[in-house]
Amino acid sequence: MKISLLFKFASTCLLLTLAWSAKAQPVKVEIVKNDSGFVLMRNHQPYFIKGAGGTRYMDRLAKYGGNSLRTWGTSNAAQDLANADKLGLTVTMGLDVARERHGFNYDDTVAVRKQLEKLRREVIKYRNHPALLMWGIGNELNLHYKNPKVWDAVNDIAKMIHQEDPNHPVTTMLAGVNPEVVKNVIERCPDLDLLAVQVYGGLAKVPEQIVNAGWKKAYIVTEWGPTGHWESIIPPWKAAIEETSSEKAEVYRKRYEASIKIDKSCLGSYVFLWGQKQERTPTWYGLFTEAGEESEVIDVMQYLWTGKWPNDRAPHLDSLTLDGKRATAFIYLQPGKTYPVNFYAKDHNLIARWELLPESTDLKEGGDRESRPQAIAGLVTANKTGATLKAPEKAGAYRLFLYLGNGKNKVATGNIPFFVKTP
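Residues numbered from 1 in each chain as written. Predicted model: local features only at pLDDT ≥ 70, side-chain atom pairs only at ≥ 80, totals over all residues. Heavy atoms only, no water.

How do you make sense of the layout of surface pockets when you look at a structure like this?
To find leftover empty space, a probe the size of one water molecule is rolled over the atoms. The space that makes up the largest pocket amounts to roughly 1200 Å³. For the largest pocket, the lining is made up of 43 residues, of which Lys 277, Glu 279, Gly 366, Gly 367 and Asp 368 are closest to its centre. Residue classes in the lining of the largest pocket are distributed as eleven nonpolar, 17 polar and 15 charged. Looking at the second largest pocket, its volume works out to about 280 Å³. Along the wall of the second largest pocket there are 19 residues; nearest its centre are Ile 241, Glu 242, Glu 247, Ala 327 and Thr 328. If you list the elements that add at least two residues to the lining of the second largest pocket, you get strand E12 (319-322) and strand E19 (411-420). Per-element accounting of the lining of the second largest pocket gives the leading share, three residues, to E19. (1 Å grid on protein atoms, 1.4 Å probe; cavity = no way out; pocket = protein on both sides within 12 Å on 5 of 7 lines; lining within 4 Å. Points joined across faces, edges and corners; volume = space filled by probe spheres on them. Nonpolar A, V, L, I, M, F, W, Y, C, P; charged D, E, K, R; others polar. Helix = DSSP H or I, 4+ residues; strand = E, 2+ residues; numbered from the N terminus.)

Just checking my understanding: could you explain the packing of helix H5 (residues 149-164) against helix H6 (residues 179-188) for this structure?
Each pair of packed helices can be described by the angle between their axes along with the distance between the axes. Between H5 and H6, the shortest axis-to-axis distance is 9 Å and the interhelical angle comes to 45 degrees. Looking at the two axes, H5 sits oblique to H6. The handedness of the crossing between H5 and H6 comes out as right-handed. Only Val 181, Asn 184, Val 185 and Arg 188 of H6 make contact with H5, whose side of the interface consists of Lys 149, Trp 151, Asp 152 and Asn 155. (Axes fitted to C-alpha atoms, helices over the stretch in contact; angles between N-to-C directions. Parallel < 35°, antiparallel > 145°, perpendicular 65-115°, else oblique. Left-handed = near helix turned anticlockwise from the far one by under 90°. Contact = heavy atoms within 4.5 Å.)

Where do I start with the nonpolar core in this structure?
Side chains of a nonpolar character, in soluble globular proteins, are inclined to be buried together. Formed by 70 residues in total, the largest nonpolar core has its most connected members in Trp 151, Trp 224 and Trp 274. Per element, the largest residue contribution to this core is eight residues, and it comes from H5. In this view, Trp 224 contacts Val 199, Tyr 200, Leu 203, Tyr 252, Tyr 256, Ile 260, Ser 269, Tyr 270, Val 271, Phe 272, Met 301 and Leu 304; residues no more than four positions away in its chain are not counted. Counting 25 residues, the second largest nonpolar core, distinct from the first, contains Leu 320, Val 341, Trp 354 and Val 420. (Core = buried A, V, L, I, M, F, W, Y, C linked by side-chain atoms within 4.5 Å. Buried < 20%, exposed > 50% of the residue type's maximum accessible area, 1.4 Å probe, protein only.)

How do you make sense of the packing of aromatic side chains when you look at a structure like this?
Aromatic ring pairs: the centre-centre distance and the angle between the two ring planes describe each pair. In total, this model carries 19 aromatic pairs according to the counting rule given. Relative to Phe 272, the ring of Tyr 200 has its centre 6.4 Å away and its plane inclined at 90 degrees; by these criteria the two rings are edge-to-face. Note that Tyr 200 is positioned in the loop between strand E9 (195-198) and helix H7 (206-212) and Phe 272 in the loop between strand E11 (266-271) and helix H9 (296-306), a separation of 72 residues in sequence. The same class applies to Tyr 200 and to Phe 272, which are both buried. Geometrically, the ring pair formed by Tyr 303 and Trp 309 is stacked, given 4.5 Å between the ring centres and 10 degrees between the ring planes. (Phe/Tyr/Trp six-rings, centres within 6.5 Å; stacked < 30°, edge-to-face > 60°.)

How should I be thinking about helix H3 (residues 77-86) in this particular structure?
Looking only at H3, the buried set comprises Ala 77, Asp 80, Leu 81 and Ala 84. Buried residues of H3, seen end-on, are gathered within an arc of 95 degrees and therefore sit on one face of the element. Contact partners of the buried residues in H3: helix H2 (58-63), strand E5 (68-70), strand E6 (90-95), helix H4 (109-126) and strand E7 (132-139). Downstream of H3 by one or two residues, Gly 88 has phi in the positive range, about 75 degrees. (Arc of directions from axis to C-beta.)

Help me understand the environment of Tyr 285 in this model?
Here Tyr 285 is to be found in the loop between E11 and H9. Using a relative accessible area of 2% as the deciding quantity, one classes Tyr 285 as buried. For the pair formed by Tyr 285 and Phe 272, sequence separation is 13 residues and the distance between their alpha carbons is 6.6 Å. Those residues within four positions of Tyr 285 in sequence are excluded, and the remaining contacts are Tyr 200, Pro 226, Gly 228, His 229, Trp 230, Tyr 252, Phe 272, Leu 273 and Glu 279. Of the polar contacts made by the side chain of Tyr 285, one reaches the side chain of His 229; its length is 2.7 Å. (Polar contact = N/O pair within 3.5 Å; in protein donor to acceptor, adjacent residues only side chain to side chain.)

Structure follows, in structure tokens:
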């Protein structure tokens, strides 16, 4: 009896879901070419994407002037779309497409067909949601790839989406603007409506690179942010030097204003990352800390999206030194010896938190998940002007982090990598 009732309940839920899907009215999205470039039209109105990558803190995204978010897959698509819709946000829905660097073989026609049909079911499931903006096929499928048949698969997916969903554009997300890759996409993916590129330190050059690569359609930037760890200054022990949150805020603003803001072929962007993650460090790419505190970069995004700065600004970190040296000095310390740490910020009513980590060794590529190093306790002592650091006894690479909060959920961050060795 109980099993029968449960079956009836489940069947009812499924029927209601299918009925909703059938009745839901999609919002038409299309790309229109004009004399100066391209315009994204949503419900017959111009729509410039002021977006962020990630599904956390959606309420703050809407509050600060953002209008869209981007996902990497559909695992939580129903909830993401519902939450976005309530806040007046749209979603570029990522479709998780297998990558050659993870072992997928695009010569395997059976596996490629199975993937296509799996994605077809996902498209049919969400195609009518009013918060849907466009579809993103895969993520950085060109990263460490060799088989150009991946682009044939991408075009088949794009063609399928157009068959199942005529109301939303289709793109694929590329790592960088590599001319040879773009050439392959042009030749093999005629069914894509636009291109999506993901660029960090070189963002200001993207408009020129897009033209030089021969791309004639519109494009968006689906990831951009600080100088990437692969683009940064690298000391001899191979630990990339990260910008402070204040240095990041400046490069975010300058690079956006030099490219996304002014290029008439660009339909907008998704800043990375609207949340937090461990990638080389716990602070490199996230606009928030692990505790949800907001960095100065979020102030910049609010300004870029709305033209106005927030009344309550995040702390600005002017400098951070260890043993009187900045991170770019390539700092070597002696085991067990004590060294001064100093920072300078104009606002003196700030609360400093310090954390010492061994340098991360779980290093991945393409944003793959990394594990966070375990903090080392007892070696950092705070004082009025900064702190003192007792160098670990064990030789090797470490990194000292500063979190400088204002007590109002806003923070400046900075870190200094160093190497401990016997003189």
